[in-house]
Structures are given as structure tokens and as C-alpha cells.
Amino acid sequence: MAMKDSRTGKTTREYSIDDLKDAAQLMRGYDLVALCAAGSGHAGGTLSIMDITAALYLRIADHDPLDPSWPDRDRIVWSAGHKAPSLYLGLAFAGFCPLEDVVLLRKLWSAFQGHPHWLKLPGVEVSTGSLGQGLSIAVGIALAAKLDGKPHKTFCIMGDGEQQEGQIWEAAMEAAHHKLDNLIGIVDCNRLQIDGLVSEVMKIDPLGAKYRSFGWEVLRINGHDMRQVVKALEQAKAGCGKPMMILADTVKGKGVSFMENKAAWHGKAPNEDELMRGLAELGLTARIPYRQLLGKAQTYQAAVNRRLDAKMPKFSRNYWWNAAETMKVKMEPTRKGFGQSLAQTGEDERVVCLGLDISGSIAISDFYTSKPERKRRWISIGIAEQSATSVAAGLAKEGKLPVLGTYGTFAAARNLDQIRISVCYGNFNVLIAGAHGGVSVGPDGATHQALEDLFAMCSLPNMSVVVPSDVVETRKATDYLLLEHQGPKYIRFAREATPVISDERTPFVFGHANVIRLRAEKANFLEAFETVLASDYPNENEDLSIMACGPMVPEAMRAAWILKNDFGYESRVINLHTLKPIDAAAILRAARETGVIVTAEEHQIGALAWRVSGVITETPLLYGVPVITGAIGVPDRFGESGAPWELIKEFAVSAEHIAKKAVELMEVKQAARAEKQEYSLIGHE
């Protein structure tokens, strides 16, 4: 069994129980090194699943590292995609890829993405990351095997918190209904999810009884007893006429005392000191060349930095954030403004907040953190975005002001039908937070990067959409949307610390854009600019306009600095924080008065660009008026792992790219002006 030469059918290596124990221990050590090198990732769950990983990849599953697409191989689906380092180590120990390469985890252009991508690394069966989908994929793979008369098995690895997703139970019904005795589920029951104990966030037990009632055979084992693990997997592979579910009781952070049974280590990576402590506890300090591996990661990162630098547009000086002696800016995560607002607006007894398992990360738990009396208005839903959305609609129907939030890509996509029908169709007062928007989740990769969410939200009737530019504007926007705005509303903000470009005096009026003008280079970036409501702004005959929303507003401001210093161009920066309804008057004035418009969005090109273009092309006010437009944004692609600021460069949405586009458009404008003057002279002759 296990690793085979697919040409001869012979097993290439036999692993004893002791061999598997040793391999699992080594995998844990390499896991810590890879996470440390990445500086992010999921230590807790990768350590808890490692015994099963070793048994599955080295002894149980039939596969051929020299032929990863061998048709008769067993399939292994990692529905719990955040445990990707465990998957990568299983593949590496089996020989699918060099073991030392796993240390390139979560780095830009690496095959070892934060969540697995089957098109990047041979041996990865499917791309996963959005919890709850893997079992359905596994059902499809198992059905295909039945249709083709193939004997191979399909394994699906899930987390226990993941069982809160409703799609899991749809797949469970389907598997039993279609008698998929070639399907084997494995649940890593480490009892903890991001928000705490699974039993307290959203109870899933009795899990075994539930699967049995759905028609599955169930085995419960100690997931760290290698003999039990191997016996259960062999029994499951032998088949019993039903789909089989193995519930493996494990310890989150297994093997490292300061990580064990700690929810805080769910999505955390060790620093170098913690790495050394962890390797020592595992007894691996002398067995793993951690210095060499960390050096490999650093060398790779240096090459990434050089490649990114070579791609960046160049100007007379380095204008990057805080690189100069002047124009210094404070950086702070916009999500903090969301939490600050809820801490204040939560005084209103109508406000109810729904927890969807990343509560601390998106700051929604600030609603009750220092005010325990509000806990009764904190409703934990768990990993269940679709149900939570409709629950919020029910609360709103009864006069409450519900707030829910999660990663933007889940908040606006997985539950889109529920938002459309339960919330928007009924025009209910539900505030949805699309947190960690754009590329701000960085190393988590494409599955967690919201680059399409604004398309969906702006398309829904009755939905209002706000994309604030910094922490201050996020707080102001949340205050307004929650307590004053009537109807469905979506607010999108980032995870990464971004420039603070406003203060208490800066105007914020829903539906009305701000104009931002660079006045003079100052020691402080914020003080170098003046911000006024667009409706109050007098025309200053600028050369061009830059229209932006969210974290692209400070990039637009920095672009204005570049354009003035290097080219003498004056730019009208327009903060279109309210994407829907958009400030058409501000757009039309800028188009008429400057003639050149560059849009900038941290999103697939179009959420902002198409709305601005629509305003320009649909009005008779601009008939006969030449308007030159260009768009900066992500060009019709998925994201990938990398540090957030690296991805700003990689996706060409930085101030430097905005400035480069502006210069190109200004050349067109000047050429058109020169041509017009030439025609005018010819006419006079």
C-alpha cells in the first residue's frame, strides 16, 4: 500500500508504526520552521493533524510521487485548507517535492501558498480555503470513481469547527444517499477554533451520532496514537458498504507545550525564539537544519524583493511610505475603527453583533470586550456565514440593528443569495462588514483575498456600499451606517495597517465625496493636504483627477505628491468612500474641469472604474467634452500568497503605478491640445 511505482504496482517503501511516529515528529519540527520563516500561518491545527498526515501519505494512500496524476491513485482532499503546511509536508516526505522547499511557505510566487492551490503544486488534489466545501468536492470525486468503475478511495480532511458549515451536512446526505463506500472523511477534533472552544462557539456534538443518523459508519480514535490511526485508516480503506467517518481526537498545538490547547495559536506562527523552544521540546534541535532552512527562505525573499523593485516605476526619488525625511505617516489598521465604533454605538440596546469565528481579528468583539453586560447581545453563530446572514435579517425584521462580519470574500460571496433575498429584497437594516478586504490578508492567499466582493455588493438593489480610506473614516462610516442609515449596508475595510490620512476635522458625509489637495510638502503627510467636501470645492484648474476608494486613497495622495514634484502636475484627488450611491456630481465636475481621470481601486478593475465610467458616459452634460480615462486595479486575476505591501506592488496598484498611468494620460491630453492648436492655426491661415 501507500507509495507505489505506478508502472510496476510495487510499493516503493514500507513504513512501520515506529517509522510513522518518527516521521510525524519530524514533520512537526519542519512545520515550525516553515511557519517561522513565513512569519504567519496556522500552528495549532497543523500540529494536531500531523500523525494522520504521516500515516495517510506514507502508508495508507496509494500514490506515486513520480506520477502525481496517476489515474488509479487515492485522492486526498484538504477541506481544512488552512492546514496546508501539513499537506505540503506529507507530500515532501512522500517525495512529491523537495523537503527544504516547504520553507518557502506563503512567500510570493511560491508553490506553497497559504491555502493549497492544485495548479501550483503536483500532489495537491484541489484548491481549498473556504471552509465547508471540501466534503462536497470529495463527494464529486467519489461519484466520478463510481461512474468510471475505479477502485481508488477519496479521503477528505476537515476540522471540527468546520462542521458548523451547513454545506458539510448537504454533502453528508449526498454521500450516504449515493452509497459512496469509497469516501472516507477525517475530522481533526482538536476542540478549538479561532473564537475559542468549539463547544462554546457553536456546539457540534454529538458528532458521531449525527453522522450515523445521516447513514455513515463512524470510528472514533485517539488521533495521536499511531496504531489506532493506522488501524482506523486501514479499516476505512477496506470498506464497509457505507461512507466512513473517522473522528480523531487530537490536541491543538500537539507537541509544543506553550501551544497545546491554546486557541490563540490557531492562526499564529512562532518567532525564532519560540521556534527554538518548540524544536527543543520536540527533541529535534540537532536533527533539523533550521539555520540552513531559514537562510534559504531569506535568500528567496531577497530575490523576491529585487524582482519587485525591478518591476516598480522609477521616479526622481524614493517616494515609498516613510522612506523620506519628510511626509511621515502613521499606520493603523482600519479594522480598529470598526471596533471603536461598535464599542461606542453598542450603547444602543438595538445593536446586536453576530460572531462568525474571527471576531477578535476583525474587531467586532470590541462590542463587548470591556462591557460584559453586552454579552447577551453577542450571538455566536460559528463558521456559518449563510445562516448568520438570514439570522441577521430576522433580527432586523424585529427592530434590532444586527452587525455581522468576516473576511470580505466570505461576507459577500458565500452568502450572496442570502444577502440578496433575506436582506436586500426585504430592505432590512443589516450591517455587513467585509473585513480584511483586498490583498490585506496577504499570505493567506487567493482563497481569502477579497478582490471581487464589491462587484457583488454594488449589484444588489437596496444595498449601500462604503469603502473607507483609513481607521478614522472607518469609525465615522460605521457610526453612521449602524445608527442612522436605513436599509442594507456593506462596509469594506482592511486588515493590514494602512496610512492614517484623516482626523476628526476631516468631513465625512455618506454619499458625498471629498476632494483632497496637496498644498506643500510637510514633515507630516496628513498636514501636507487639505480635504473638503467635493460640493464645497472651488475649481483650481488642476491638470488631472485621481478618483479612489479605501486604501487606494492614500496611494492616490502619494501619487499626487510624485506628480507634482517630478512633473509639475496638479492633481485633484477624490475620495469616493461611498461607492453606492456614488457622488455623480463630483465625478462630472472633475471630468469637465480637468479632462483626465485615473481611477484607483484595490479590487478587480471595475468596481470603481466602471461606476465612474458609467457616470461619465451616461450624462448629456459631457457630450462633446473630451475626457481621457485610465484605471488602476487588479487585472482579472486571482490573488496569491505574499506580504500585503508586496502584493500592492505585484498587482500594480501602488502610487507609483497610479502616477505612471497619470503621466501616460497627460501625454495624451497634451498631444490632443497641441493637435487642436495646430488645427486652429491652420484654420486662421
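You'll find the structure just up there.
Residues numbered from 1 in each chain as written. Predicted model: local features only at pLDDT ≥ 70, side-chain atom pairs only at ≥ 80, totals over all residues. Heavy atoms only, no water.

Pulling in residues and values, what's your account of the overall build of the protein?
Of the regular secondary structure elements, the protein holds 23 helices and 24 strands. Here the C-alpha atoms of the protein give a radius of gyration of 27 Å, agreeing with the 26 Å that 2.2 N^0.38 yields for 685 residues. Considered along the principal axes of its C-alpha atoms, the protein spans approximately 95 × 55 × 50 Å. Evaluated residue by residue, the protein yields a buried proportion of 60% over its 685 residues. (Helix = DSSP H or I, 4+ residues; strand = E, 2+ residues; numbered from the N terminus. Rg over C-alpha atoms; globule rule 2.2 N^0.38 Å. Buried < 20%, exposed > 50% of the residue type's maximum accessible area, 1.4 Å probe, protein only.)

Can you break down the packing of aromatic side chains residue by residue, with the values?
For the structure on display, the rule yields 17 aromatic pairs. With centroids separated by 6.1 Å and ring planes inclined at 80°, the aromatic side chains of Y30 and F93 adopt a geometry described as edge-to-face. Placement of Y30 in helix α1 (residues 17-38) and of F93 in helix α4 (residues 84-94) is noted, with a sequence separation of 63 residues between them. Aromatic side chains Y368 and W378 sit 4.9 Å apart centroid to centroid with 55° between the ring planes, which places their arrangement in the tilted category. Of this pair, Y368 sits in the loop between α13 (359-362) and β12 (378-380) while W378 sits in strand β12, and the two are ten residues apart along the sequence. Clustering of aromatic rings is evident, with ring pairs tying together W169, Y211, F214 and W216. When the ring centre of F258 is taken as origin, the NZ or CZ atom of R277, which lies over that ring, is 4.1 Å away. (Phe/Tyr/Trp six-rings, centres within 6.5 Å; stacked < 30°, edge-to-face > 60°. Lys NZ or Arg CZ within 6 Å of the ring centre and 35° of its normal.)

Give me the lowdown on α4, citing residues and values where you can.
With eleven of eleven residues buried, α4 is to be regarded as a mostly interior element. Residues A84, P85, S86, L87, Y88, L89, G90, L91, A92, F93 and A94 constitute the buried set of α4. Positive backbone phi, approximately 105°, marks G95, located one or two places after α4.

Would you mind going over the layout of surface pockets in detail, with residue names and values included?
Size it by volume and the largest pocket reaches roughly 840 Å³. H42, I194, H266, I358 and Y407 are, among the 47 residues lining the largest pocket, the residues nearest its centre. When contributions to the lining of the largest pocket are tallied by element, the ones reaching two or more residues are β6 (192-193), α13 and β13 (401-407). Taken together, the residues that form the lining of the largest pocket break down as 13 nonpolar, 21 polar and 13 charged. (1 Å grid on protein atoms, 1.4 Å probe; cavity = no way out; pocket = protein on both sides within 12 Å on 5 of 7 lines; lining within 4 Å. Points joined across faces, edges and corners; volume = space filled by probe spheres on them. Nonpolar A, V, L, I, M, F, W, Y, C, P; charged D, E, K, R; others polar.)

Give me the sheet that holds strand β18 (residues 514-518): which residues, what numbers.
The six strands are arranged β19-β18-β21-β20-β23-β24 in an open sheet whose pairing can be described as mixed. Each end of this open sheet is capped by a strand with a single partner; those strands are β19 (529-533) and β24 (628-634). This sheet shows a mean twist of 20° between the axes of neighbouring strands, independent of strand direction. Pairing analysis gives six bridges linking strand β23 (residues 596-604) to β24, with the strands arranged parallel. Each residue of the ladder has a partner; that of V598, found in β24, is G630. With respect to the sheet, helix α19 (residues 552-567) is in contact with β18, β19, β20 (544-548), β21 (571-575) and β23, its orientation differing from that of β20 by roughly 160°. Where helix α21 (residues 609-618) meets the sheet, its contacts fall on β20, β23 and β24, and the angle it forms with β23 comes to roughly 145°. (Pairing = 2+ DSSP bridges. Axes fitted to C-alpha atoms, helices over the stretch in contact; angles between N-to-C directions. Contact = heavy atoms within 4.5 Å.)

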